[in-house]
Amino acid sequence: MSASDRSDCNEFSDDGARKLPPTARYSRRGFLELSAAGAATAGMGAYVTLGASRPSDAATPSSAEKEELVDQATPARYFVRRENGSYEMKWGPVGAAAVSDDPSLRYGDTIPNDRSYIHNRAKPPAIDVKTWRLRLTGDALTRPRSFTYAELSAMPQVTLRRTLDCGANCASFFPKLPPSVADHQWLPEGFTQWHFGAVTAAEWTGVRVKDVLAAAGAHGAVEVKFIGLDEISSPGDPGGTVHYSQVVRAEEALKDDTLLVYRMNGTALSADHGYPVRVLFSGWGGNHMVKWLGEIQASKRSIPITGPAKNQVLVGPDYPTPVRPTVAPVRSAVEHDPERTLMPGNHTLYGRAWSGTGSIDRVDVTVEQLLRPQTWTTVIPWREAKLLSTPEPLMWVRFALPWQNVRPGYYRIMTRAKDTAGNIQPRPEDVVWNQHGLGYNGHHPLELIVLPTGDMP
């Protein structure tokens, strides 16, 4: 069973002090600050948090890296650079969205295009839309053909509001080792260490894939392959490069809400988000949303999986056979920059919850305070938050919870969402580990510090 399928998390709302499991681990920031206070011990163990490492503010690759794989500007005010081509969205445009009652400091239901997370495995290809063609090929087509951008745009349009959640979002929260270490089963450091911000939401406009396939005479298709025009370095493949691609069952491609999108929040896709056309599978992980689309193959038989998609599987001690995840799990996060210190007083915790299975039904929030190393006490037991936007299928919902009379201290906040399909975020210790760091959705702690103004340097 994949992490996204687990809904058997235990309800717990203890009000007293509670000791962390011996396998837990503090964030690096928390460890350093507790060490400075003389409180750190060698036995600290298990949670990797949103503030686990402070990325460099530099928005350019190191001298050892090749050219930057992102075209648009990515200022540190809005993005966290995880690696070349991987830019995570910061929660709130100025990093204070979680506790400010000023709505101008928080994003609305959708995220501006130029602030949405970016994951490029290669430099966006230079495409002239006047000469670009989308080729439709395969033995399941009776009329193979190509489409110009104008021809696609002239077909019946569909506009959907959808959350787009990277399949590896929250990957950094997985322990580097599985519960029982086996040969060659650990989480490679080279994987992009996403925190909560490899997610966005937008209004997507395009045409139905099934309409495009019908125009090419699709009949009897079993699988459909979507192929991008990017060229990813792959020394093991002929020519040393490979185009990013995804293979899906035909019934998924033919759904009414599977689109070829060319507009994002009312404007043409930017280069980093797949210009001129990308595919949108509603509710699925963002790794399926092939960008810079150049070809669609419809086949009457299974199509081999190539390129990076070969490793987008759940493997590990709890997976006797690899599992290919598709639907995005239920997740939630508080909109706060973990590097920002709060002042004592009254605050409101703001956040978002989303699911690839349905709409969000409920969000609960709990706050705990650190009493001494490895010992936390509950300040706010699990309490239902107020939903600030109307839940809708496959679109995130905003929520809020008052946090009154906050005193100086070191705190951690956890959120737990439930969707209309009955999926509930599991406890961190109940998330099924996998070697590729996919699908983490435990109600992971956000750690933060509250200090009076007089203690600030």
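Residues numbered from 1 in each chain as written. Predicted model: local features only at pLDDT ≥ 70, side-chain atom pairs only at ≥ 80, totals over all residues. Heavy atoms only, no water.

Trainee: So, the overall build of the protein: which residues are in play, and what are the values?
Mentor: Secondary structure assignment for the protein yields 4 helices and 26 strands. Across the 457 residues that make up the protein, the buried fraction comes to 56%. (Helix = DSSP H or I, 4+ residues; strand = E, 2+ residues; numbered from the N terminus. Buried < 20%, exposed > 50% of the residue type's maximum accessible area, 1.4 Å probe, protein only.)

Trainee: Account for the nonpolar core, naming residues and giving values.
Mentor: Counting residues in hydrophobic clusters, the biggest one holds 78 residues, and the most contacted among them are Leu 134, Leu 136, Leu 152, Phe 226, Leu 260 and Ile 296. Membership of the second largest hydrophobic core comes to 22 residues, among which are Val 330, Ala 385, Tyr 411 and Val 450. (Core = buried A, V, L, I, M, F, W, Y, C linked by side-chain atoms within 4.5 Å.)

Trainee: I'd love a proper account of the packing of aromatic side chains, names of residues and values included.
Mentor: Scanning the entire structure with this criterion turns up 14 aromatic pairs. Here the aromatic rings of Trp 132 and Tyr 149 are separated by 6.4 Å at their centres, their planes lie at 70 degrees, and the arrangement is edge-to-face. In this pair, Trp 132 is assigned in the loop between β4 (118-119) and β5 (134-137) and Tyr 149 in helix α2 (residues 149-153), connecting sequence segments 17 residues apart. Of the two residues, Trp 132 and Tyr 149, neither departs from the other in class, the shared state being buried. Taking 5.9 Å as the distance between ring centres and 65 degrees as the angle between the ring planes, the aromatic pair formed by Tyr 149 and Tyr 262 counts as edge-to-face. Residue Tyr 149 is found in helix α2, and its partner Tyr 262 is found in strand β13 (residues 258-264); the two are separated by 113 residues along the sequence. Residue classification places Tyr 262 among the buried positions, given a relative accessible area of 3%. An aromatic cluster is defined as three or more aromatic residues linked by ring pairs; in this entry it consists of Phe 173, Phe 174, Phe 196 and Tyr 440. The ring of Trp 376 carries the charged tip of Arg 412 above its face, separated from the ring centre by 4.4 Å. (Phe/Tyr/Trp six-rings, centres within 6.5 Å; stacked < 30°, edge-to-face > 60°. Lys NZ or Arg CZ within 6 Å of the ring centre and 35° of its normal.)

Trainee: How would you sum up the pattern of salt bridges? Please name residues and give values.
Mentor: Counted according to the given criterion, the structure contains 23 salt bridges. Here Arg 301 ties to Asp 139 by a salt bridge, and the two come within 2.3 Å at their closest N and O atoms. Of the two residues, Arg 301 sits in the loop between β16 (293-299) and β17 (314-316) while Asp 139 sits in the loop between β5 and β6 (145-147), which places them 162 residues apart along the sequence. For Asp 139, a relative accessible area of 36% corresponds to the partly exposed category. Ionic pairing is found between Arg 427 and Glu 429, a salt bridge with its closest N-O pair at 3.4 Å. (Salt bridge = Lys/Arg side-chain N within 4 Å of Asp/Glu carboxyl O.)

Trainee: Which residues make up the pairing of strand β20 (residues 345-354), and what values do they have?
Mentor: With 8 of 10 residues buried, β20 lies mostly within the body of the structure. Here strand β19 (residues 331-334) runs beside β20; their pairing, made up of 4 bridges, is antiparallel. Along β20, the bridge assignment pairs Val 334 with Gly 351. Pairing of β20 with strand β24 (residues 397-406), which is carried by 8 bridges, proceeds in the antiparallel orientation. The residue bridging His 347 from the neighbouring strand is Trp 403, located in β24. (Pairing = 2+ DSSP bridges.)

Trainee: Tell me about the sheet that holds strand β9 (residues 223-228), and name the residues and values.
Mentor: One open sheet holds the 5 strands; their spatial order is β6-β5-β16-β9-β12, and the pairing between them is mixed. Of all strands in the sheet, those bounded by a partner on one side alone are β6 and β12 (245-249). Taken over all neighbouring pairs, the strand axes of this sheet differ in orientation by 20 degrees on average, direction set aside. Judged from the 6 bridges that link them, β9 and β16 form a sheet pairing that is antiparallel. Within β16, the position partnered with Gly 228 by the bridge is Leu 293. (Axes fitted to C-alpha atoms, helices over the stretch in contact; angles between N-to-C directions.)

Trainee: So, the sheet that holds β4: which residues are in play, and what are the values?
Mentor: Paired through their backbone hydrogen bonds, the strands of a sheet run either parallel or antiparallel. Strands sit in the order β2-β3-β4 across an open sheet of 3 strands; the sheet is antiparallel. Two strands close off the open sheet at either side, each with one partner strand: β2 (79-83) and β4. Pairing analysis gives 2 bridges linking strand β3 (residues 86-89) to β4, with the strands arranged antiparallel. Note on β4: the bridge partner recorded for Tyr 87 is Ile 118.

Trainee: Describe the environment of Val 450, and please don't skip the residues or the numbers.
Mentor: By secondary structure assignment, the location of Val 450 is in strand β26 (residues 446-450). Sequence-wise, Val 450 and Met 343 are 107 residues apart; in three dimensions their C-alpha atoms are separated by 5.5 Å. For Val 450, the residues in contact, after removing those within four places along its chain, are Leu 342, Met 343, Pro 344, Trp 403, Val 406, Arg 407, Pro 408, Gly 409 and Tyr 411. (Contact = heavy atoms within 4.5 Å.)

Trainee: Hey, could you go over the environment of Val 313 for me, with residue numbers and the actual values?
Mentor: Locating Val 313 in the fold gives a position in the loop between β16 and β17. With near-sequence residues (within four places) excluded, Val 313 lies in contact with Pro 322, Val 323, Arg 324, Pro 325, His 436 and Leu 438.

Trainee: Please provide a residue-by-residue account of the confidence of the model for the protein, values included.
Mentor: This prediction gives the protein a mean pLDDT of 84; 81% of its residues lie at or above 70. Scored below 50 in pLDDT, residues 1-64 shows 159 contacts in the model against residues more than four places distant or in partner chains. (pLDDT = per-residue confidence, 0-100.)

Trainee: I'd like a rundown of the side chain of Ser 116, residues and numbers included.
Mentor: Mapped onto the elements, Ser 116 comes out in the loop between β3 and β4. With residues near it in sequence (within four places) discarded, Ser 116 still touches Phe 79, Ile 111, Thr 200, Met 264 and His 273.

Trainee: Would you mind going over the environment of Glu 368 in detail, with residue names and values included?
Mentor: Relative to the helices and strands, Glu 368 is located in strand β21 (residues 360-372). Exposure remark for Glu 368: the relative accessible area of 3% places this residue in the buried category. Considering only alpha carbons, one finds Glu 368 and Ile 413, 45 residues apart in sequence, at a separation of 6.5 Å. Among the polar contacts listed, one links the side chain of Glu 368 to the side chain of Arg 412, at a separation of 2.7 Å. (Polar contact = N/O pair within 3.5 Å; in protein donor to acceptor, adjacent residues only side chain to side chain.)

Trainee: Residue-level account of the state of the cysteines, with values.
Mentor: Within the structure shown, the criterion is met by 0 disulfides. This cysteine, Cys 166, is not joined by any disulfide, and Cys 170 carries the nearest cysteine sulfur, 9.6 Å off. With relative accessibility at 2%, the residue Cys 170 sits in the buried group. (Disulfide = S-S within 2.5 Å.)

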